There are 4 protein chains.
Amino acid sequence: MNETLLTVVGNVATEPETQVTATGVSVTRFRLATTTRRFDAERGAWTDGPTSFYTVRAWRALAGNIKDSVCLGEPLVVQGRLRIREEEVEGRRFVSAEIDAQSLGHDLSRGVARFTRTHSNPAAPRRQSGAPAPPQPTAVP
Amino acid sequence: MNETLLTVVGNVATEPETQVTATGVSVTRFRLATTTRRFDAERGAWTDGPTSFYTVRAWRALAGNIKDSVCLGEPLVVQGRLRIREEEVEGRRFVSAEIDAQSLGHDLSRGVARFTRTHSNPAAPRRQSGAPAPPQPTAVP
Amino acid sequence: MNETLLTVVGNVATEPETQVTATGVSVTRFRLATTTRRFDAERGAWTDGPTSFYTVRAWRALAGNIKDSVCLGEPLVVQGRLRIREEEVEGRRFVSAEIDAQSLGHDLSRGVARFTRTHSNPAAPRRQSGAPAPPQPTAVP
Amino acid sequence: MNETLLTVVGNVATEPETQVTATGVSVTRFRLATTTRRFDAERGAWTDGPTSFYTVRAWRALAGNIKDSVCLGEPLVVQGRLRIREEEVEGRRFVSAEIDAQSLGHDLSRGVARFTRTHSNPAAPRRQSGAPAPPQPTAVP
């Protein structure tokens, strides 16, 4: 409840790093940078706005697949839960914006990708999403 | 203004089809299916909920890259603007949910991908955000 | 899992109607209309785009508070889970976009409001988040 | 482009303060706190997770209406553009999460509200969407 789900489109700003927790769970972390662009009517051109940085964390299968798929500088679409984290270390307060990623992928508005399904989910191998082949989209002329 | 931006995580339910408009713009369409899952406390297991279908449309570079990258059945993360479209054809009303995609990628929680940047935007190769200068400021086809 | 959360800013298009289910749960329904606006660079003016309609459903405390607060024509911000519902009635297929509202409020970019907290949640009056203990744990994967 | 739109459901954590910029534009600021809740399966109860704080800024009509409508402690639904802002002040780096609000309202899952439309936009009173014609097409303060 009260979860703040968001989607960020940006670029990988640090090489993803993968660790295994004491309980044996993989977690991968990296920084993601996103820069807004807006149309400057006076100049008649697009200009960059400020850049925001996020710390993205991913767990389990997603952590492993990021490790095998994502490199520094690549463009991503990242969906996950946002947390604004405040910590105090040696008397100083640190704030960071952290995304616990649920799903993410390379942004195909910026390039092409070749995808291979991994069988990391033996519990539901046949149709994880459960999406049946739909009837023809008759509602769409 | 008043745009309804959403992100859908689902599976490609029809083979993507690409066309070129009279003005020379590429557009790719496909159906996307997403099925919710929830934990059934009584049974102690996850069960599938209902499936929703969307018509996804993409334009220009994204249209071409989808054509070269995305196949029927693959899992995607899709971000775009939602429109609930009502049309009347031969006296019958048809409703569909249409997403004008801004960014989308293969969902790496489900597999691995190898990404190659396409150089469709030589004007802005150095920028951290790397966002291509869009051809029209209104950005709403 | 795979829930599609979205936020729609629009106007109440039908008078909200409240019912009580067989199990004693209040549910309120209404239609919500949202019209995009875009800047037409050629004409140098804003113009209306297409209008999308949603069926909004709300449950329990939210259902009752909508009944006591929301009228036809009022502007709202609605956050909830989207479902594209397909039904067949007498051999004809019907599609609708349905939002199960989690939170919603009058859009203060359009007017002013006077708010009064209702004490429907005596179990947790002190918490900063103040979120009522929801009756069903299954909603959080 | 590349804007990060999000919706946060939370409580007003500081009294809203309104100022007028040198160019005569009203801006209202306040802090918003949101606390996640999750179901603890072991304990069989809901527990609070961490709290995230945001700085919300609103402009023009929305700024004025917040000033006249919103008090410390009230629950809100806030939609806007997120920016993770980094600043260096006297050699120390400060990070904050800032939302430029587009629309916001009292969360009716928590109470009731009486709404009155303000007539700040006589140019467009008839439209279904009723969206005010915004003063600047770039729409990114």
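One numbering rule holds for all chains: residues counted from 1, following each sequence as written. For naming, the first written chain is A and the first written ligand is 1, with later ones following in the order written. Note on the predicted model: pLDDT of at least 70 is required for a residue's local features to be given, and 80 or more for side-chain atom pairs to be given and counted; whole-chain, interface and lining totals, by contrast, use all residues. The side-chain numbers reported here are obtained from all heavy atoms of the structure, hydrogens and water having been left aside.

If you look chain A up in an unreviewed UniProt entry, it shows as Single-stranded DNA-binding protein from Actinacidiphila rubida.

## What about the side chain of D:Arg57?
Residues and elements named next belong to chain D. Helical segments are the DSSP runs of H or I of at least four residues, strand segments are the runs of E of at least two, and each set is numbered from the N terminus. Tracing the backbone shows Arg-57 in strand β4 (residues 45-59). Categorising residues by exposure relies on relative accessible area from a 1.4 Å probe, with only protein chains included: less than 20% of the type maximum marks a residue as buried, more than 50% marks it as exposed, and the intermediate range marks it as partly exposed. Assessed through its relative accessible area of 11%, Arg-57 is described here as buried. Apart from the residues within four sequence positions on either side, Arg-57 is in contact with Thr-28, Arg-29, Arg-85, Glu-98, Ile-99, Asp-100 and Ala-101. Throughout, a contact is declared for two residues whenever any of their heavy atoms are within 4.5 Å.

## Brief notes about the relation of the copies chain B and chain C
To line up the copies, we fit them by least squares on C-alpha atoms, keeping just the residues with pLDDT of at least 70 in both. Under the fitted operation, chain B is carried onto chain C by 0.0 Å of movement along the axis and a turn of 180°, and the coordinates agree to an RMSD of 0.1 Å. The superposition of one copy onto the other is thereby described by a two-fold rotation axis. Both copies contact each other with a shared surface, as 94% of the interface residues of chain B are interface residues in chain C too.

## Quick look at the interface of chain B and chain C
Listed by partner, the interface residues are 32 residues for chain B and 30 residues for chain C. As used here, buried area is the combined drop in accessible area, with a 1.4 Å probe, of two parts when they are placed together. Summed over both partners, the interface of chain B with chain C comes to about 2,700 Å²; 54% of that surface belongs to carbon and sulfur atoms. The three residues of chain B that bury the most area against chain C are B:Met1, B:Asn2 and B:Ile84, which together make up 20% of that side's buried surface. Salt bridges are defined as contacts in which a side-chain nitrogen from Lys or Arg sits within 4 Å of a carboxyl oxygen from Asp or Glu. Note that C:Arg31 and B:Glu86 form a salt bridge whose closest N and O atoms lie 4.0 Å from each other. For this analysis, a polar contact is any N or O atom pair within 3.5 Å, provided that within protein one partner can donate a hydrogen and the other can accept it, and provided that sequence-adjacent residues contribute only side-chain to side-chain pairs. Counting across the chain B and chain C interface gives four residue pairs in polar contact (both at pLDDT 80 or more). If you list the elements that add at least two residues to the side of chain B that touches chain C, you get β1 (5-12), β3 (26-40), β4 (45-59), β5 (75-89) and β6 (92-106) of chain B. Ranked by residues supplied to the side of chain B that touches chain C, first place goes to β3(B) with seven residues. In the side of chain B that touches chain C, the residues fall into 16 nonpolar, nine polar and seven charged. Polarity classes work like this: nonpolar for Ala, Val, Leu, Ile, Met, Phe, Trp, Tyr, Cys and Pro, charged for Asp, Glu, Lys and Arg, and polar for all others, with Gly in that last group.

## Some words on helix α1 (residues 60-69) of chain B
Residues B:Leu62, B:Ala63, B:Asn65, B:Ile66 and B:Ser69 constitute the buried set of α1(B). The inward-facing, buried residues of α1(B) contact β7 (111-117) of chain A together with β2 (17-20), β3, β4 and β6 of chain B.

## Here's the deal with the side chain of A:Thr28
All names here are of chain A. Relative to the assigned elements, Thr-28 resides in strand β3 (residues 26-40). Looking at Thr-28, the relative accessible area reads 0%, which means it is buried. At a separation of 2.8 Å, a polar atom in the side chain of Thr-28 contacts the main-chain carbonyl oxygen of Ala-63. Residues in contact with Thr-28, not counting those within four places in the same chain, are Pro-16, Glu-17, Thr-18, Val-56, Arg-57, Ala-58, Ala-63, Gly-64 and Ile-66.

## Some remarks on the pattern of salt bridges
Using the criterion set out here, one finds 30 salt bridges over all chains in the structure. Between A:Glu98 and A:Arg57 there is a salt bridge, with its nearest N and O atoms 3.4 Å apart. Residue A:Glu98 is located in strand β6 (residues 92-106), and its partner A:Arg57 is located in strand β4 (residues 45-59); the two are separated by 41 residues in the primary sequence. Accessibility assignment for this pair places A:Glu98 and A:Arg57 in one class, buried. Between D:Asp48 and D:Arg37 there is a salt bridge; the shortest N-O distance is 3.1 Å. Of this pair, D:Asp48 sits in strand β4 while D:Arg37 sits in strand β3 (residues 26-40), and the two are 11 residues apart along the sequence.

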